[in-house]
Amino acid sequence: GFGHLAQVAPVLNEFRRRRPEARLTLQTVLPEPMLRGRVAGEFAVVSGAVDIGMLMVDALEAKVAESLAAYRVFHADWDARLAWQESVLRKAAPDLVLADVPYLSLAAAARLEIPSLALCSLNWADILAGYCADAPDLAALRAPMLAAYNSAAAFLQPAPSMPMPELANGRPIGPIAALGRNQRPEIDRRLGLRAGETLVLMGLGGVDMRPPLEEWPEFPGVCWLIPPNWDVARPDMVDWAMLSDCSMLDLIRSCDVLFTKPGYGAFAEAACNGTRVLYVERDDWPEEPWLSRWLLEHGSGGKIGRRLLATGELAGPLRELLAQPAKPPVAPDGVAEAAGWLEQLIAC
């Protein structure tokens, strides 16, 4: 997922800065242009899904029954899937496997005696348990997941991470995020924004979810940057493709507010770039309480209900958020810590 790429890419970039001779292979189903926009230098790409995560209705709602059924199918064919992943690893011949955070890859690495490192603010065994605590076969499904996670040399848990009490190898580290450049003066010039106007960047994550923006009220002095495929004909809503020479990180750094859903990448990147966050509740997501608590303690954030996403009645929440005293950007210390773990394991 996009959030996992946002989490692992800064670590890979720091590791490659330290070890420019390192050979890197990425196994993912994300589009290659997206990978190259985040991960510096040369790398090979192996296309293939190695975990399920949670199947989603949209950016906020999980398909719980469908996800549980998918896990049952995945595990019923475990031996064949494990053999396939082993063949992928044999062909790539890595000295180390870094997983964010597919347990199949870790299980295959353990079988092949390849050192491995897990890195993530969540794990799928605990996410599944958060949604499906009453499933009669939950323990059987989680057993190989937890065994794979525990087989890694360490499971690095960047702040903010959910609790993972069944991992014996958990190691907390600092936040992980990439930093953008402040392009606000140039953005204001190109969009015709005046001093004191509010720029809100809207992004609800990789699973497409478009609010009924045509029905939202207009707020004087507020300009919204919206995704290119949302196609809204309003003067106060601008397609961010108009600023194509600005990366998403630059846009996050340059805006006043990031409007999003709870997710590690969005929260950590906003806090580390000194940007306020207005986010839509996602209270059933098992990781959400720890994300929200950390953001409100270390960054600047405000939470709204899903009803307001439909009605767009955001004047009050925006006013309250902007009235909060600005907090200094959070240092993404976890990047260097995780890269250090990679260096240490490669040297073994």
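Residues numbered from 1 in each chain as written. Predicted model: local features only at pLDDT ≥ 70, side-chain atom pairs only at ≥ 80, totals over all residues. Heavy atoms only, no water.

Some points on the pairing of strand E4 (residues 116-119)
Piece 1. Residues Ser116 and Ala118 of E4 are buried on one face, and the alternating residues Leu117 and Leu119, pointing to the opposite face, are buried as well.
Piece 2. Relative to E4, strand E3 (residues 97-99) runs parallel, the two being bridged by three bridges. In the strand pairing of E4, alanine 99 is matched with alanine 118.
Piece 3. Since E3 and E4 lie parallel, the crossover through helix H5 (residues 103-111) that links them has a hand, and here it is right-handed.
Piece 4. Examined bridge by bridge, E4 and strand E5 (residues 155-158) share two bridges and lie parallel to one another. Paired with alanine 118 across the strands is phenylalanine 155, a residue of E5. (Buried < 20%, exposed > 50% of the residue type's maximum accessible area, 1.4 Å probe, protein only. Helix = DSSP H or I, 4+ residues; strand = E, 2+ residues; numbered from the N terminus. Pairing = 2+ DSSP bridges. Right-handed = clockwise from strand over helix to strand, strands pointing away.)

Some thoughts on the pattern of salt bridges
Piece 1. According to the stated counting rule, one finds 23 salt bridges in the structure shown.
Piece 2. Taking the shortest distance from any N to any O, the salt bridge between arginine 18 and glutamate 343 comes out at 3.0 Å. A residue pair is termed long-range when its members are at least 10 positions apart, and arginine 18 in helix H1 (residues 2-18) and glutamate 343 in helix H14 (residues 334-347) qualify at 325 residues.
Piece 3. The structure contains a network of salt bridges with shared partners spanning Glu14, Arg17, Arg18 and Glu343. (Salt bridge = Lys/Arg side-chain N within 4 Å of Asp/Glu carboxyl O.)

Some remarks on H5
Piece 1. Counting buried residues in H5 gives seven out of nine residues, a clear majority hidden from the surface.
Piece 2. Turning to H5, its buried residues are Tyr103, Leu104, Ser105, Leu106, Ala107, Ala108 and Ala109.
Piece 3. Residues of H5 that are buried sit in contact with helix H3 (64-76), helix H4 (78-92), E3, E4 and helix H7 (138-151).
Piece 4. Looking at the residues trailing H5, positive phi occurs at glutamate 113, about 60 degrees. (Contact = heavy atoms within 4.5 Å.)

Describing the environment of arginine 190
Piece 1. If you trace the backbone, arginine 190 turns up in helix H8 (residues 184-191).
Piece 2. Between the C-alpha atom of arginine 190 and that of proline 160, which follows or precedes it by 30 residues, the distance is 36 Å.
Piece 3. Setting aside residues no more than four positions away along its own chain, arginine 190 makes contact with Met242, Leu243 and Asp245.
Piece 4. A polar side-chain atom of arginine 190 sits 3.0 Å from a polar atom in the side chain of aspartate 245. (Polar contact = N/O pair within 3.5 Å; in protein donor to acceptor, adjacent residues only side chain to side chain.)

A word on the packing of helix H10 (residues 264-272) against helix H11 (residues 288-298)
Piece 1. Contact pair H10 / H11: the axes reach a minimum separation of 11 Å and the direction vectors enclose 10 degrees. In terms of orientation, H10 and H11 fall into the roughly parallel class. Between H10 and H11, the residues in contact are Tyr264, Phe267, Ala268 and Ala271 and Leu291, Ser292, Trp294 and Leu295, respectively.
Piece 2. Of the residues belonging to the contact of H10 with H11, the class tally is seven nonpolar, one polar and no charged. (Axes fitted to C-alpha atoms, helices over the stretch in contact; angles between N-to-C directions. Parallel < 35°, antiparallel > 145°, perpendicular 65-115°, else oblique. Nonpolar A, V, L, I, M, F, W, Y, C, P; charged D, E, K, R; others polar.)

What to know about the side chain of arginine 184
Piece 1. Residue position: arginine 184 is located in helix H8.
Piece 2. Overall, arginine 184 belongs to the buried group, its relative accessible area being 13%.
Piece 3. A distance of 2.7 Å separates a polar atom in the side chain of arginine 184 from a polar atom in the side chain of aspartate 188.
Piece 4. Polar side-chain contacts of arginine 184 include one of 3.0 Å to the side chain of aspartate 256.
Piece 5. Not counting residues up to four positions away in its chain, the partners in contact with arginine 184 are Glu197, Thr198, Leu199, Ser254, Cys255 and Asp256.

Regarding the nonpolar core
Piece 1. Ranked by internal contacts, the top residues of the largest apolar core, which has 53 residues, are Val39, Ile176, Leu191, Leu199, Leu201, Leu225 and Leu251.
Piece 2. When residues of this core are assigned to their parent elements, the largest contribution, seven residues, is made by H10.
Piece 3. With 44 residues, the next largest nonpolar core counts Phe74, Ala118, Leu122 and Tyr131 among its residues. (Core = buried A, V, L, I, M, F, W, Y, C linked by side-chain atoms within 4.5 Å.)

Observations regarding the side chain of serine 161
Piece 1. Mapping serine 161 onto the fold places it in the loop between E5 and strand E6 (170-173).
Piece 2. Given the relative accessible area of 18%, serine 161 is considered buried.
Piece 3. One polar contact links the side chain of serine 161 to the main-chain carbonyl oxygen of proline 158, over a distance of 2.5 Å.
Piece 4. In contact with serine 161, not counting residues within four places along its chain, are Cys120, Ser121 and Trp290.

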